[in-house]
Amino acid sequence: MKKLIEAVLNAKRTVALTGAGVSTLSGIPDFRGPQGMYRNPEAEKIFDIDWFDRDPGVYYRGCRELVYGFEKFRPGPVHLALKQLEDAGRLAGIATQNIDMLHQKAGSSNVWELHGSPLWHHCRICGKSATFEQVCSQLKAGAEVARCVCGGALKPDITFFGEMLPEEALIAAQSAAIGADVMMVLGTSLTVFPAAGLPNLTLQAGGKVFIVNAQPTALDRYAAGRYPDLREFAEAVKNALA
Ligand code: OAD
Ligand code: ZN
(Lines give C-alpha, C1' and ligand atoms only; values in the text may rest on other atoms or scores of the structure.)
(Ligands and ions follow the chains in the order given, each with its own letter.)
Protein backbone atom coordinates (compact mmCIF):
# COMPACT_ATOMS: atom_id res chain seq x y z
CA MET A 1 0.00 0.00 0.00
CA LYS A 2 3.03 2.25 0.50
CA LYS A 3 3.47 2.81 -3.23
CA LEU A 4 -0.17 3.88 -3.65
CA ILE A 5 -0.03 6.33 -0.73
CA GLU A 6 3.25 7.81 -1.97
CA ALA A 7 1.82 8.25 -5.46
CA VAL A 8 -1.26 10.03 -4.08
CA LEU A 9 0.80 12.32 -1.86
CA ASN A 10 3.00 13.28 -4.82
CA ALA A 11 0.32 13.48 -7.52
CA LYS A 12 -0.87 16.70 -9.10
CA ARG A 13 -4.35 15.36 -9.60
CA THR A 14 -5.79 12.17 -8.15
CA VAL A 15 -9.26 10.85 -8.88
CA ALA A 16 -11.08 7.80 -7.54
CA LEU A 17 -13.43 5.36 -9.23
CA THR A 18 -15.55 3.52 -6.67
CA GLY A 19 -17.88 0.55 -6.86
CA ALA A 20 -20.08 -1.57 -4.64
CA GLY A 21 -17.05 -2.94 -2.73
CA VAL A 22 -16.59 0.31 -0.80
CA SER A 23 -20.14 0.01 0.55
CA THR A 24 -19.90 -3.62 1.69
CA LEU A 25 -18.03 -2.15 4.67
CA SER A 26 -21.27 -0.26 5.45
CA GLY A 27 -23.33 -3.46 5.24
CA ILE A 28 -24.69 -3.04 1.69
CA PRO A 29 -24.15 -6.18 -0.41
CA ASP A 30 -22.19 -5.90 -3.68
CA PHE A 31 -23.24 -7.51 -6.97
CA ARG A 32 -20.49 -9.91 -8.05
CA GLY A 33 -18.58 -10.63 -4.82
CA PRO A 34 -18.91 -14.02 -3.08
CA GLN A 35 -22.01 -12.79 -1.19
CA GLY A 36 -23.17 -10.55 -4.06
CA MET A 37 -26.76 -9.88 -5.16
CA TYR A 38 -26.19 -11.46 -8.59
CA ARG A 39 -25.61 -14.91 -7.11
CA ASN A 40 -29.34 -15.00 -7.70
CA PRO A 41 -29.68 -14.73 -11.53
CA GLU A 42 -33.20 -13.30 -11.06
CA ALA A 43 -31.58 -10.25 -9.46
CA GLU A 44 -30.24 -9.13 -12.84
CA LYS A 45 -33.80 -8.23 -13.80
CA ILE A 46 -34.08 -5.71 -10.98
CA PHE A 47 -32.13 -2.93 -12.72
CA ASP A 48 -33.30 -3.68 -16.27
CA ILE A 49 -35.42 -1.09 -18.06
CA ASP A 50 -37.37 -3.62 -20.17
CA TRP A 51 -38.31 -5.55 -17.07
CA PHE A 52 -39.26 -2.33 -15.31
CA ASP A 53 -41.64 -1.35 -18.09
CA ARG A 54 -43.12 -4.83 -18.23
CA ASP A 55 -43.50 -5.13 -14.45
CA PRO A 56 -42.21 -2.37 -12.15
CA GLY A 57 -42.92 -4.75 -9.26
CA VAL A 58 -39.71 -6.62 -10.17
CA TYR A 59 -37.68 -3.57 -9.15
CA TYR A 60 -39.85 -2.56 -6.20
CA ARG A 61 -39.97 -6.05 -4.72
CA GLY A 62 -36.22 -6.46 -5.22
CA CYS A 63 -35.28 -3.08 -3.72
CA ARG A 64 -37.90 -2.45 -1.09
CA GLU A 65 -35.67 -3.32 1.85
CA LEU A 66 -32.37 -2.19 0.40
CA VAL A 67 -32.78 1.05 -1.58
CA TYR A 68 -35.73 2.35 0.43
CA GLY A 69 -33.89 1.51 3.64
CA PHE A 70 -30.80 3.53 2.66
CA GLU A 71 -31.26 5.93 5.61
CA LYS A 72 -30.01 3.30 8.00
CA PHE A 73 -26.61 2.87 6.29
CA ARG A 74 -23.63 5.00 7.38
CA PRO A 75 -20.50 5.88 5.41
CA GLY A 76 -17.76 3.27 5.87
CA PRO A 77 -13.99 3.63 6.28
CA VAL A 78 -13.32 4.12 2.55
CA HIS A 79 -15.99 6.84 2.19
CA LEU A 80 -14.44 8.62 5.19
CA ALA A 81 -10.87 8.20 3.90
CA LEU A 82 -11.84 9.76 0.56
CA LYS A 83 -13.45 12.70 2.33
CA GLN A 84 -10.22 13.16 4.33
CA LEU A 85 -8.18 13.09 1.12
CA GLU A 86 -10.44 15.73 -0.42
CA ASP A 87 -10.11 17.95 2.67
CA ALA A 88 -6.33 17.59 2.50
CA GLY A 89 -6.42 18.78 -1.13
CA ARG A 90 -5.27 15.36 -2.37
CA LEU A 91 -8.38 14.21 -4.24
CA ALA A 92 -9.96 16.04 -7.17
CA GLY A 93 -13.13 13.98 -7.34
CA ILE A 94 -14.90 10.64 -7.08
CA ALA A 95 -16.56 8.87 -9.99
CA THR A 96 -18.88 6.38 -8.38
CA GLN A 97 -20.99 3.56 -9.76
CA ASN A 98 -22.83 3.40 -6.45
CA ILE A 99 -26.36 4.64 -6.01
CA ASP A 100 -26.34 4.67 -2.21
CA MET A 101 -25.34 8.33 -1.79
CA LEU A 102 -22.79 7.39 0.90
CA HIS A 103 -19.95 9.51 -0.53
CA GLN A 104 -22.19 12.58 -0.20
CA LYS A 105 -23.21 11.48 3.30
CA ALA A 106 -19.50 11.27 4.20
CA GLY A 107 -19.20 14.91 3.06
CA SER A 108 -17.34 14.50 -0.25
CA SER A 109 -18.36 17.37 -2.48
CA ASN A 110 -17.07 16.40 -5.91
CA VAL A 111 -18.93 13.18 -6.68
CA TRP A 112 -19.93 12.07 -10.19
CA GLU A 113 -22.77 9.57 -9.87
CA LEU A 114 -22.30 7.54 -13.03
CA HIS A 115 -25.31 5.33 -12.34
CA GLY A 116 -27.53 8.06 -10.90
CA SER A 117 -29.31 7.75 -7.59
CA PRO A 118 -32.80 7.23 -6.18
CA LEU A 119 -32.89 10.78 -4.78
CA TRP A 120 -35.42 11.59 -7.51
CA HIS A 121 -37.88 9.41 -9.39
CA HIS A 122 -39.70 10.11 -12.64
CA CYS A 123 -43.00 8.85 -13.99
CA ARG A 124 -42.60 6.51 -16.98
CA ILE A 125 -45.78 7.91 -18.55
CA CYS A 126 -45.87 11.69 -18.01
CA GLY A 127 -42.32 12.37 -16.79
CA LYS A 128 -43.41 14.11 -13.57
CA SER A 129 -40.82 13.93 -10.79
CA ALA A 130 -41.17 12.63 -7.24
CA THR A 131 -38.73 12.70 -4.32
CA PHE A 132 -37.20 9.72 -2.54
CA GLU A 133 -39.33 10.60 0.52
CA GLN A 134 -42.57 10.67 -1.49
CA VAL A 135 -41.80 7.21 -2.85
CA CYS A 136 -40.84 5.91 0.62
CA SER A 137 -44.10 7.12 2.08
CA GLN A 138 -46.14 5.35 -0.62
CA LEU A 139 -44.23 2.12 0.07
CA LYS A 140 -44.66 2.49 3.81
CA ALA A 141 -48.40 2.94 3.27
CA GLY A 142 -48.40 -0.48 1.58
CA ALA A 143 -48.10 0.30 -2.15
CA GLU A 144 -46.43 -2.50 -4.09
CA VAL A 145 -45.25 -0.03 -6.76
CA ALA A 146 -44.86 3.72 -6.24
CA ARG A 147 -47.04 5.58 -8.74
CA CYS A 148 -47.49 9.05 -10.16
CA VAL A 149 -50.87 10.85 -9.90
CA CYS A 150 -51.43 9.81 -13.56
CA GLY A 151 -51.06 6.14 -12.63
CA GLY A 152 -47.66 5.63 -14.27
CA ALA A 153 -44.92 3.80 -12.38
CA LEU A 154 -42.27 5.99 -10.73
CA LYS A 155 -38.77 4.92 -11.79
CA PRO A 156 -35.76 5.95 -9.73
CA ASP A 157 -33.11 8.04 -11.53
CA ILE A 158 -30.81 5.02 -11.25
CA THR A 159 -29.26 3.98 -14.57
CA PHE A 160 -30.85 0.66 -15.48
CA PHE A 161 -29.36 -1.78 -17.98
CA GLY A 162 -30.65 -0.59 -21.35
CA GLU A 163 -30.44 3.10 -20.42
CA MET A 164 -27.87 5.82 -21.11
CA LEU A 165 -25.66 7.07 -18.29
CA PRO A 166 -26.34 10.62 -17.04
CA GLU A 167 -24.41 12.60 -19.63
CA GLU A 168 -23.10 15.37 -17.41
CA ALA A 169 -21.66 13.00 -14.82
CA LEU A 170 -20.10 10.79 -17.47
CA ILE A 171 -18.43 13.70 -19.30
CA ALA A 172 -17.11 15.16 -16.02
CA ALA A 173 -15.73 11.77 -14.95
CA GLN A 174 -14.15 11.14 -18.35
CA SER A 175 -12.35 14.48 -18.42
CA ALA A 176 -11.22 13.97 -14.80
CA ALA A 177 -9.87 10.53 -15.74
CA ILE A 178 -7.94 11.97 -18.68
CA GLY A 179 -6.53 14.78 -16.53
CA ALA A 180 -5.51 12.55 -13.61
CA ASP A 181 -1.93 11.49 -13.04
CA VAL A 182 -3.20 8.98 -10.45
CA MET A 183 -6.47 7.04 -10.57
CA MET A 184 -7.49 4.87 -7.60
CA VAL A 185 -9.88 2.07 -8.53
CA LEU A 186 -11.66 1.01 -5.33
CA GLY A 187 -14.06 -1.89 -4.84
CA THR A 188 -15.26 -2.50 -8.37
CA SER A 189 -15.09 -5.58 -10.58
CA LEU A 190 -14.64 -3.28 -13.63
CA THR A 191 -17.20 -5.24 -15.62
CA VAL A 192 -19.84 -2.63 -16.44
CA PHE A 193 -19.02 -0.13 -19.19
CA PRO A 194 -18.61 2.77 -19.78
CA ALA A 195 -17.67 3.26 -16.09
CA ALA A 196 -15.16 0.41 -16.28
CA GLY A 197 -13.42 2.20 -19.16
CA LEU A 198 -12.44 5.27 -17.10
CA PRO A 199 -9.10 3.85 -15.85
CA ASN A 200 -8.13 3.17 -19.49
CA LEU A 201 -8.48 6.89 -20.19
CA THR A 202 -6.03 7.65 -17.38
CA LEU A 203 -3.60 5.00 -18.66
CA GLN A 204 -3.83 6.25 -22.24
CA ALA A 205 -3.10 9.81 -21.09
CA GLY A 206 0.04 8.59 -19.30
CA GLY A 207 -1.33 8.43 -15.72
CA LYS A 208 -0.97 5.63 -13.21
CA VAL A 209 -3.75 3.34 -12.04
CA PHE A 210 -3.85 1.66 -8.61
CA ILE A 211 -6.42 -1.02 -7.87
CA VAL A 212 -7.76 -2.03 -4.47
CA ASN A 213 -10.16 -4.94 -4.90
CA ALA A 214 -10.54 -8.39 -3.37
CA GLN A 215 -11.21 -10.16 -6.67
CA PRO A 216 -8.99 -9.88 -9.76
CA THR A 217 -9.94 -7.42 -12.53
CA ALA A 218 -9.12 -7.22 -16.22
CA LEU A 219 -6.89 -4.19 -15.62
CA ASP A 220 -4.69 -5.74 -12.91
CA ARG A 221 -1.75 -6.24 -15.22
CA TYR A 222 -1.72 -2.57 -16.24
CA ALA A 223 -1.86 -1.33 -12.65
CA ALA A 224 1.10 0.38 -10.96
CA GLY A 225 -0.04 -1.31 -7.74
CA ARG A 226 -2.71 -3.82 -6.82
CA TYR A 227 -4.01 -4.60 -3.31
CA PRO A 228 -6.84 -6.81 -2.07
CA ASP A 229 -8.07 -5.07 1.08
CA LEU A 230 -10.12 -1.87 1.20
CA ARG A 231 -10.03 -1.67 4.98
CA GLU A 232 -6.25 -1.62 4.83
CA PHE A 233 -6.42 1.14 2.20
CA ALA A 234 -8.61 3.28 4.49
CA GLU A 235 -6.22 2.72 7.41
CA ALA A 236 -3.20 3.65 5.30
CA VAL A 237 -4.86 6.91 4.17
CA LYS A 238 -5.77 7.79 7.76
CA ASN A 239 -2.21 7.17 8.94
CA ALA A 240 -0.66 9.10 6.05
CA LEU A 241 -2.79 12.17 6.78
CA ALA A 242 -2.51 12.01 10.58
P1 OAD B 1 -19.31 -5.59 -8.22
O2 OAD B 1 -20.12 -6.32 -7.22
O3 OAD B 1 -19.29 -6.09 -9.60
O4 OAD B 1 -17.80 -5.51 -7.72
C5 OAD B 1 -17.49 -5.17 -6.40
C6 OAD B 1 -16.08 -5.66 -6.12
O7 OAD B 1 -15.71 -5.25 -4.80
C8 OAD B 1 -15.95 -7.18 -6.15
O9 OAD B 1 -14.97 -7.55 -7.10
C10 OAD B 1 -15.52 -7.55 -4.71
O11 OAD B 1 -14.53 -8.57 -4.70
C12 OAD B 1 -14.94 -6.25 -4.20
N13 OAD B 1 -15.06 -6.09 -2.73
C14 OAD B 1 -16.15 -6.18 -1.95
N15 OAD B 1 -15.87 -5.92 -0.67
C16 OAD B 1 -14.53 -5.66 -0.61
C17 OAD B 1 -13.60 -5.35 0.43
N18 OAD B 1 -14.02 -5.20 1.69
N19 OAD B 1 -12.28 -5.19 0.10
C20 OAD B 1 -11.87 -5.30 -1.18
N21 OAD B 1 -12.70 -5.60 -2.20
C22 OAD B 1 -14.01 -5.78 -1.93
O23 OAD B 1 -19.78 -4.05 -8.14
P24 OAD B 1 -19.51 -2.87 -9.20
O25 OAD B 1 -18.23 -3.07 -9.91
O26 OAD B 1 -19.72 -1.61 -8.47
O27 OAD B 1 -25.15 -1.16 -11.75
O28 OAD B 1 -20.72 -3.12 -10.20
C29 OAD B 1 -20.92 -2.27 -11.30
C30 OAD B 1 -22.39 -2.09 -11.60
O31 OAD B 1 -23.00 -3.37 -11.78
C32 OAD B 1 -23.18 -1.49 -10.45
O33 OAD B 1 -23.09 -0.08 -10.43
C34 OAD B 1 -24.58 -1.96 -10.72
C35 OAD B 1 -24.31 -3.36 -11.18
O36 OAD B 1 -25.21 -3.84 -12.11
C37 OAD B 1 -26.40 -0.63 -11.55
O38 OAD B 1 -27.05 -0.88 -10.57
C39 OAD B 1 -26.88 0.29 -12.60
ZN1 ZN C 1 -47.29 10.50 -14.47
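Asker: Outline the domain arrangement of the protein chain, supporting the account with residue identities and numerical values.
Answerer: As a measure of interface size, the accessible area lost when the parts come together is often cited. Domain annotation for the protein chain reports domain 1 (1–28 + 74–115 + 164–242) and domain 2 (30–72 + 117–158). Taking the mean C-alpha position of each, domain 1 and domain 2 sit 26 Å from one another. Contact with domain 1, which involves 15 residues of that partner, is made by 16 residues of domain 2. For the domain 1 face of the interface with domain 2, the top three residues by lost area are Ile-28, Ile-99 and Met-101, together amounting to 40%. For the pair domain 1 and domain 2, the number of links is zero salt bridges. Tallied by class, residues from the side of domain 1 that touches domain 2 come to five nonpolar, six polar and four charged.

Asker: Break down the coordination of the zinc ion (ligand 2) for me, with residues and values.
Answerer: Within the protein, the atoms that donate to the zinc ion (ligand 2) are Cys-123 (SG), Cys-126 (SG), Cys-148 (SG) and Cys-150 (SG), at distances of 2.3 to 2.4 Å. Classification of the site at the zinc ion (ligand 2) rests on its four donor atoms, whose angles at the metal span 100 to 120°, yielding the label tetrahedral. Ordering the donors of the zinc ion (ligand 2) by residue number gives the pattern C-x2-C-x21-C-x1-C. Classification of Cys-123 by relative accessible area gives buried; the value is 5%. Judged by its relative accessible area of 44%, Cys-126 is partly exposed.

Asker: Run through the site of ligand 1, naming residues and quoting values.
Answerer: Close to ligand 1 lie 23 residues, the nearest being Arg-32, Thr-159, Thr-188, Ser-189 and Gln-215. One of the backbone nitrogen or oxygen atoms of Gln-97 is found 3.1 Å away from an oxygen atom of ligand 1. Contact between ligand 1 and Asn-213: an oxygen atom at 2.9 Å from a side-chain N or O atom of the residue. Here ligand 1 has 790 Å² of accessible area as a free molecule, and 94% of this is covered by the chains. Three or more residues apiece are contributed to the shell around ligand 1 by two domains, here domain 1 (1–28 + 74–115 + 164–242) and domain 2 (30–72 + 117–158).

Asker: Can you explain unusual backbone geometry? Please cite residues and give values.
Answerer: A cis amide bond links Phe-193 with the next residue in sequence, Pro-194, at an omega value of 10°. With respect to the helices, strands and loops of the structure, Pro-194 is situated in the loop between strand 7 (182–186) and helix 9 (198–204). Notably, Met-101 is not glycine yet its phi reads approximately 65°, a positive angle. Note on placement: Met-101 falls in the loop between strand 2 (93–96) and helix 6 (102–106). Given the relative accessible area of 16%, Met-101 is considered buried.

Asker: Talk me through the environment of Gly-57; I want residue IDs and the actual numbers.
Answerer: Topologically, Gly-57 is positioned in helix 4 (residues 57–63). The spatial distance from the C-alpha of Gly-57 to the C-alpha of Ala-153 is 9.3 Å, given a sequence separation of 96 residues. Excluding residues within four positions of it along the chain, Gly-57 makes contact with Gly-62, Glu-144 and Val-145.

Asker: I'd love a proper account of the pattern of salt bridges, names of residues and values included.
Answerer: On inspection of all chains with the given rule, the structure shows eight salt bridges. One salt bridge connects Lys-155 with Glu-163, and the closest N-O pair in it is separated by 3.0 Å. For Lys-155, a relative accessible area of 7% puts it in the buried group. Three or more residues joined by partner-sharing salt bridges are found here, namely Asp-55, Arg-61 and Glu-144.

Asker: Please give an account of the pairing of strand 4 (residues 116–123) that cites residues and values.
Answerer: Pairing geometry for strand 4 and strand 6 (residues 154–158), over five bridges, is antiparallel. Opposite His-122, over in strand 6, you have Lys-155 as the bridge partner. The sheet contact formed by strand 4 and strand 5 (residues 129–131) spans three bridges and is antiparallel. Along strand 5, the bridge assignment pairs Trp-120 with Thr-131. Linking strand 4 back to strand 5 in an antiparallel pair, the connection comprises five residues, with Gly-127 at a positive phi of about 85°.

The rules behind the values
Residues numbered from 1 in each chain as written. Chains lettered and ligands numbered in written order. Predicted model: local features only at pLDDT ≥ 70, side-chain atom pairs only at ≥ 80, totals over all residues. Heavy atoms only, no water. Domains from an automatic or database assignment. Contact = heavy atoms within 4.5 Å. Buried area = accessible area lost by both parts, 1.4 Å probe. Salt bridge = Lys/Arg side-chain N within 4 Å of Asp/Glu carboxyl O. Nonpolar A, V, L, I, M, F, W, Y, C, P; charged D, E, K, R; others polar. Donors = N, O, S within 2.8 Å, 3.2 Å for Na, K, Ca; no water. Tetrahedral: all angles 85-135°; square planar, octahedral: opposite > 155°, others 65-115°. Buried < 20%, exposed > 50% of the residue type's maximum accessible area, 1.4 Å probe, protein only. Near = heavy atom within 4 Å. Polar contact = N/O pair within 3.5 Å; in protein donor to acceptor, adjacent residues only side chain to side chain. Areas by Shrake-Rupley, 256 points an atom, 1.4 Å probe, with all protein chains shown as cover. Helix = DSSP H or I, 4+ residues; strand = E, 2+ residues; numbered from the N terminus. Pairing = 2+ DSSP bridges.

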